[in-house]
Amino acid sequence: MSEPGEIAGRYRLEGRLGFGGMSTVHLAMDMRLERQVAVKLLAEHLADDPAFVSRFQREAQAAARLVHPNIVQVFDSGRDERTDQYFIVMEYIEGASCAEILRDDGWLDVEEALNIIGQACEGLHYAHRHGVVHRDVKPGNLLRAREGEVKLADFGIAKATEQSSITQVGSVLGTAAYLAPEQARGEEAGPSADLYALGVVTYQLISGRLPYEASSLTELALKQQQEEPPTLDTLVAAVRPELADAVAVALALDPRDRYPTAREMGRALRDGAKGIAPGVQRSSGRVAPPTQATSVLATGRRSTAPTKAVAQRRPRQGPPRATPASAQPIKAAAAPPRRKGRLLGVLLGLAALALVVVAVVVITAPTSSKVVLRNVVYEDVQQSAQALKQLVSENTQ
C-alpha cells in the first residue's frame, strides 16, 4: 500500500504547483529514478465516468508518444489504487506558465511574445503531424522554462473528457475565451481549432486583453459572429499592420481560412513582425480569400473606438508608429550667377563714370592741357576699375 503523500508507490508528492476545476498539479520526486517530476491528479469524480476512463487511457498513451523539445514529455499515467485517482506524470518545468506571466506583467513585448508563440507553433506542428490535437490551448498550458524554452502541456486531456458525461451535463472544459467558433458551436475540433486558440493567446500576450470578452459559450459564439475585435496595431503602437493582419488570419471564423499548419502560422507571425504581409496558401495552392476577420485589411474598416484597455496600455506603447512626414517647404535653389551679364553692367557703369570725369577735366583744364585717353576695356572687373582710376589720375594732375 502506498504511503501518505505518495502516488502509485513511486511518486512522493512534495508540494502543489497549481490547481483547476479538473485537476491539481504537484511537484513530486520519482523515487525510482531519483528525479523531480510533475504529477497531475485528476478530479476524483472523473473516475465515475466510464467514457472518460477509456478515452483518458487512450489519449494519455498518445500524448506519451509525443517527444519534442516544445512539448512537455509524459512519463507515466494510470490509476492510484489507494486513492482511486487517475494521474499523469510529466517532466517538471522550472519556470512559469504564460498565465502566470500575464498575471504578473499584464503583457509582453512583441519580440518576447512572438518567441513564445513561435516555439508553441513548432510543438503544435509536431503534434498535428502525429495525429494529436490539443483542444485546450491556453496560457496556463504554455510553460516557459528559466532557460527560455517553451513547452505545451496537457495534450490529450481535453479529448479524453470531450464526450464524457462531464461535458454533457454542461460543464465547460477549459476557458471559453480560447475556444474556436466551431468548438463553441459544439462541433468537432481539429488542428485549426488549436491555431485559433493560439491566435487568441498571441493577441492576449501582446495586448494584455482578449479579442472577445465572454462569460459563457453562448455569449462567446454571438460575439464571434457579430463583432470584429480591434486589430492589434490599433491597441499597441509597436505592432506593425502586417503583424496585426497575421494574427487576424489565425482568428478567422471559418477554419478553412486559417493557416494550413502551425508552422506556417509561426512563419507568418515572424514575417509580419518584419513588415511582410501574410499570404495564406491553401492545400490547392490558392491564396485564401478575405474572411470577416481579414476583410478589414482590404476595406480599411479597422476598429478605432477607444477602449478602457487602450487607455490603460498607453504608458507601455512606447513611441507611436512613425507617420509619413509632411512635406517640408523646399527652398528655391539659387539661380546660377550670371557672371557675364553682371560684368557687362559694371563695365558700362565705370565707362560712364569715366566719361563724366573726362568731361569735367576738359571743361576746367587750361587750354594747354592735354587729355590722355586709353582703351580701358578688360575682361576682369578689378582690372577695369584700376585702369579707370589711373586714367582719372593722369588727367587731373
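In what follows, the structure referred to is the one given above.
None of the values given here were measured: they were computed from a predicted structure. (Residues numbered from 1 in each chain as written. Predicted model: local features only at pLDDT ≥ 70, side-chain atom pairs only at ≥ 80, totals over all residues. Heavy atoms only, no water.)

## Some points on the packing of helix H3 (residues 110–129) against helix H7 (residues 191–207)
Then step 1. Here H3 crosses H7 at 170°, and the two axes come no closer than 10 Å. The orientation of H3 with respect to H7, classified from their angle, is roughly antiparallel. Where H3 approaches H7, its residues Val110, Ala113, Leu114, Ile116, Ile117, Ala120, Cys121, Leu124 and His128 are matched on the opposing element by Pro191, Asp194, Leu195, Leu198, Val201, Thr202, Leu205 and Ile206. (Axes fitted to C-alpha atoms, helices over the stretch in contact; angles between N-to-C directions. Helix = DSSP H or I, 4+ residues; strand = E, 2+ residues; numbered from the N terminus. Parallel < 35°, antiparallel > 145°, perpendicular 65-115°, else oblique. Contact = heavy atoms within 4.5 Å.)

## Regarding the pattern of salt bridges
Then step 1. Counted under the stated rule, the structure contains 17 salt bridges.
Then step 2. Linking glutamate 122 and arginine 263 is a salt bridge whose minimum nitrogen-to-oxygen distance equals 2.8 Å. With glutamate 122 in helix H3 and arginine 263 in helix H10 (residues 262–273), this residue pair connects regions lying 141 residues apart in the sequence.
Then step 3. Since its relative accessible area comes to 34%, arginine 263 is described here as partly exposed.
Then step 4. Among the ionic pairs, arginine 135 bridges to glutamate 188, the shortest N-O distance being 3.1 Å. Of this pair, arginine 135 sits in the loop between H3 and strand E8 (142–145) while glutamate 188 sits in the loop between helix H6 (181–184) and H7, and the two are 53 residues apart along the sequence.
Then step 5. When its relative accessible area of 51% is taken as the criterion, glutamate 188 is described as exposed.
Then step 6. Residues joined by salt bridges that share partners form a network here, namely Arg10, Asp30 and Arg35. (Salt bridge = Lys/Arg side-chain N within 4 Å of Asp/Glu carboxyl O. Buried < 20%, exposed > 50% of the residue type's maximum accessible area, 1.4 Å probe, protein only.)

## Description of the pairing of E8
Then step 1. Bridge count between strand E7 (residues 95–97) and E8: three bridges; the pairing is antiparallel. Opposite serine 97, over in E8, you have leucine 143 as the bridge partner.
Then step 2. As paired elements, E8 and strand E9 (residues 150–152) share three bridges and run antiparallel to each other. The residue of E9 that forms the bridge with arginine 144 is valine 150.
Then step 3. Between E8 and E9, which follow one another and run antiparallel, lie four residues, and glycine 148 among them has a positive phi close to 100°. (Pairing = 2+ DSSP bridges.)

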